[in-house]
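Overview (structure and organization)
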Amino acid sequence: MSYANLIPAFSKAVSSISLSRAASVSSSLRSRSTVAAPQSEPKPDGDNGADPTRGVIKRKAAQVDHILQTEDARPEPHPETVIDFENTKEAYKSKDSLELLRSLLVFKVCTYDVVVDRNKELTSLSRKLLGKTLFEKLMKMTFYGQFVAGEDQESIKPLIRRNRAFGVGSVLDYSVEEDLTQEEAEKKEMDSCLSEAEKESRGVDHREKKYKAHRQFGDRRGGVISARTYFYADEVKCDQHMETFLKCIGASGGSSEDGFSAIKMTALGRPQFLLQFSEVLVKWRRFFHILAAEQGKAGLSALDVKLELEQLQETLTKLGVVSKENTENWFTGENLGLSGTIDLLDWNNLIDDRTKISKLLVVPNLETGQLEPLLNKFTEEEEKQMKRMLQRMDVLAKHAIKHGVRLMVDAEQTYFQPAISRLTLEMQRIFNTEKPIIFNTYQCYLKEAYDNVSLDVELSRREGWYFGAKLVRGAYMQQERTRAAEIGYEDPINPTYEATNDMYHRCLDYVLEEIKHHRKANIMVASHNEKTVKFTLQRMNELGIHPSENKVYFGQLLGMCDQISFPLGQAGYPVYKYVPYGPVHEVIPYLSRRAQENRGIMQGAQQERLLLWKELKRRFLNGEIFYTPVY
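Residues numbered from 1 in each chain as written. Predicted model: local features only at pLDDT ≥ 70, side-chain atom pairs only at ≥ 80, totals over all residues. Heavy atoms only, no water.

What follows covers the overall build of the protein. From N to C terminus, the protein includes 26 helices and twelve strands. Burial statistics for the protein: of 631 residues in total, 59% are counted as buried. As displayed, the protein offers around 26100 Å² of accessible surface, 52% of which is attributable to carbon and sulfur atoms. (Helix = DSSP H or I, 4+ residues; strand = E, 2+ residues; numbered from the N terminus. Buried < 20%, exposed > 50% of the residue type's maximum accessible area, 1.4 Å probe, protein only. Areas by Shrake-Rupley, 256 points an atom, 1.4 Å probe, with all protein chains shown as cover.)

Before going further, it helps to spend a moment on a nonpolar patch on the surface. A surface patch of nonpolar side chains, amounting to about 470 Å² of accessible area, comprises L125, L129, L130, L134 and L138. With respect to the helices, strands and loops of the structure, L138 is situated in helix α7 (residues 119–141). (Patch = residues over 30% accessible without salt bridge, like charges linked within 9 Å, V, L, I, M, F, W, Y side chains within 5 Å. Salt bridge = Lys/Arg side-chain N within 4 Å of Asp/Glu carboxyl O.)

Under the criterion given, the structure shown has 14 aromatic pairs. Centroid distance Y230 to F245: 6.3 Å. Interplanar angle 75°. Geometry classified as edge-to-face. Taken together, the residues Y230 in the loop between α11 (196–201) and α12 (235–255) and F245 in helix α12 connect sequence positions 15 residues apart. For Y230, a relative accessible area of 9% puts it in the buried group. Through a chain of ring-to-ring contacts, the aromatic side chains of F260, F439, Y553 and Y576 assemble into a single cluster. Of note, R473 hangs over the ring of Y504, and the distance from its end group to the ring centre comes to 4.6 Å. (Phe/Tyr/Trp six-rings, centres within 6.5 Å; stacked < 30°, edge-to-face > 60°. Lys NZ or Arg CZ within 6 Å of the ring centre and 35° of its normal.)

Moving on, we get to the nonpolar core. General note: in soluble globular proteins, nonpolar side chains tend to be found buried as a group. The biggest cluster of nonpolar side chains holds 58 residues, and the ones touching the most others in it are W347, L471, V552, F554 and L568. If you tally residues by element for this core, the top one is helix α22 (residues 497–518), at eight residues. Excluding residues that lie within four positions of it along the chain, V552 makes contacts with L512, I515, I523, V525, T536, M540, I545 and P574. Membership of the second largest hydrophobic core comes to 40 residues, among which are I249, A267, M393 and V409. (Core = buried A, V, L, I, M, F, W, Y, C linked by side-chain atoms within 4.5 Å. Contact = heavy atoms within 4.5 Å.)

So, on to the pattern of salt bridges. Evaluation of the coordinates by the stated rule reveals 39 salt bridges. With its nearest N and O atoms 3.1 Å apart, the salt bridge here joins E136 to K132. You can see E136 and its partner K132 sitting in helix α7, four residues apart, about one turn around the helix. The residue E426 makes a salt bridge to R429 at a minimum N-O spacing of 3.3 Å. Taken together, the positions of E426 and R429, both in helix α19 (residues 417–431) and three residues apart, correspond to about one turn of that helix. The buried category is assigned to E426, whose relative accessible area is 0%. Note on R429: relative accessible area 2%, which makes it buried. When salt bridges that share partners are traced, they join D343, E458, R461, R462 and E514 into one network.

A few words now on unusual backbone geometry. In this structure, N550 is a non-glycine residue whose phi angle is positive, near 55°. Tracing the backbone shows N550 in the loop between α23 (530–543) and β11 (552–557). Judged by its relative accessible area of 41%, N550 is partly exposed. Positioned with a positive phi, C561 is a non-glycine residue whose angle comes to about 55°. Tracing the backbone shows C561 in the loop between β11 and α24 (562–570).

So, on to the environment of I487. Take I487: it is sitting in helix α21 (residues 477–487). I487 sits in the buried class, given a relative accessible area of 11%. Ignoring sequence-local partners within four residues, the contact set of I487 consists of K209, H214, Q216 and F217.

Okay, the side chain of R392 next. Position of R392 among the secondary structure elements: in helix α18 (residues 380–403). For R392, a relative accessible area of 3% translates into the label buried. R392 has contacts with E235, C238, D239, M242, L268 and G269, leaving out every residue within four places of it along the chain.

Bringing the environment of L274 into the picture now. Inspection of the secondary structure assignment puts L274 in helix α13 (residues 271–294). For L274 and Y211, which are 63 residues apart along the polypeptide, the C-alpha to C-alpha distance reads 9.1 Å. Ignoring sequence-local partners within four residues, the contact set of L274 consists of M265, T266, M389, Y415, F416, A419, I420 and L423.

Counting across every chain of the model gives zero disulfides. Of all cysteine sulfurs, the one in C444 lies closest to C507, which takes part in no disulfide; the gap is 4.2 Å. Judged by relative accessible area, which is 0%, C507 ranks as buried. (Disulfide = S-S within 2.5 Å.)

What follows covers the pairing of strand β12 (residues 575–581). Summarising burial for β12: seven of the seven residues are buried, a large majority. Burial along β12 is two-sided: the residues V575, K577, V579 and Y581 and Y576, Y578 and P580 are all buried. Pairing of strand β1 (residues 168–174) with β12 involves seven bridges; the strand directions are parallel. Paired with V171 across the bridge in β12 is Y578. As paired strands, β11 and β12 are joined by four bridges and run parallel to one another. Within β12, the position partnered with G555 by the bridge is Y576. Handedness of the crossover joining β11 and β12 through α24: right-handed. (Pairing = 2+ DSSP bridges. Right-handed = clockwise from strand over helix to strand, strands pointing away.)

Turning our attention to α12. Its 21 residues give α12 an end-to-end C-alpha distance of 30 Å, which sits within 8% of 30 Å, the value for a rise of 1.5 Å per residue. For α12, the complete set of buried residues consists of E235, C238, H241, M242, F245, L246, C248, I249, A251, S252 and S255. Buried positions along α12 lie against α9 (157–165), β1, β2 (260–263), α18, β7 (406–409) and β12. By the N-cap criterion, in which a side-chain oxygen at the helix start approaches the backbone nitrogen of a residue two or three places on, α12 is capped by D234, the distance to V236 being 3.2 Å. (Expected span 1.5 Å × (residues − 1). Polar contact = N/O pair within 3.5 Å; in protein donor to acceptor, adjacent residues only side chain to side chain.)

Below you can see the structure in the form of structure tokens.
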């Protein structure tokens, strides 16, 4: 199998969807890269077959009509809502006093390095000394009770309903993790990231080292404290992960009318596919910017780069990408408009046309100027594995629609992320035609985050579907920086925490502006940073975005930052807790990460402890120490 058949395979997998609205969209499905070029460093300020006749002219006409309609429908600005995040009575009204004491205990224990650093040994010792029953009771009284909702879909319902009664929704996340040794993780990663062709050629290929597996970084858990990691074992295991996600979606739909469910792409298939597909996308995007530099247009943001068609035709013919006759077929007014230029989104469409007629997907070799196959062949089993990943994604999306649940695709490492984002975008183009069902995740500690967001928003605007995003700062910084330095490629991470804050607010403001003008974008501000939350509230007020529109959501982890989540929810803002669940002994790795994360954000955790003490004192002095939430 070649990658030329990959996107048609995806289109075929999803074209069987029973919903008529999705069928109409899939007829015009065209694959496009969502990976943008790196931009200049932000200044710190603090914290299926494609329809070739579907061109820019039609898209822009539809866009203008949509703008005219939505501008008229835009609501008037509302009075500003002031939220006091230090009003402990309101912040903790959903908690009884024992729960507040538990929070204080857990957060205090997280400040002791010896406990956090040796948590695995201490957990194992406690289990041996206490036995299974007493150990589980102890965990439920402390760490498990603080950060995990329950053991299964039924046991978590009371907490979900209570949170909902106080204005907070749920993003369900089954948090069971495989407890592997480092050696086991490395072996699984190396076995699953190398194709048979690579094993036979032993280095005779055109792969970039960033998109190849390296044993010293085979254990992807290293340096990561806030994200779950999946390792590929076989297709049966991937089917089991899909079944788990399906149950999670069903539980979310059964517990809430407006819930989310989170999934990870690496749980659904062989990571070899994600590595190779990411490299293809990045190389073609890079080729575009090299052509732009030849035309004197280097250094512009991704959406601002527009190539002159005549020069582009000459260059592509010279390089042998296409014949002169093919370039004339490509560059028609119907396809690209009459402007005489093409941008990166148009370029991605042209590349699709190229890959559909090639027997092997080729990529430009920037040293020789020639086009070369990324890999010489795929085995029959590798072809099946790729198709199965796409089919699993389709099953999950349909199930989410059936249960009225929105699907959140989590971000992962940069060597997987281009493929993850592109496949998520294809799901959005199919399933987000009437409302946002599929949400992509953007990591704002990446230098290219703004280009990625702006390109995807522009594509959604041109094609008329609902853009859905979750903004995070990112979970893999230490690992990404170390890997880049040791293997030898550019560090993808912003240089400072302040630059990341600036990037987060820049991306957030771009989507908020899109909401103001078109009302078809939706964003989750997934942050424990109070300044970021306040920035969002201020901009929503300035732009006339009312919380009742359900365009801007807020998200925090269960057991953390209740002083932010619950005041927001009680003020009418859509806010969600990431709600993990699973058997006690199977979520120990998750609890270990929560302990490390609380230690790593000492300033925020210290503020939370002070507020907890303040509320306990208030209750004691007012005779409310035995307070029980009423809902």
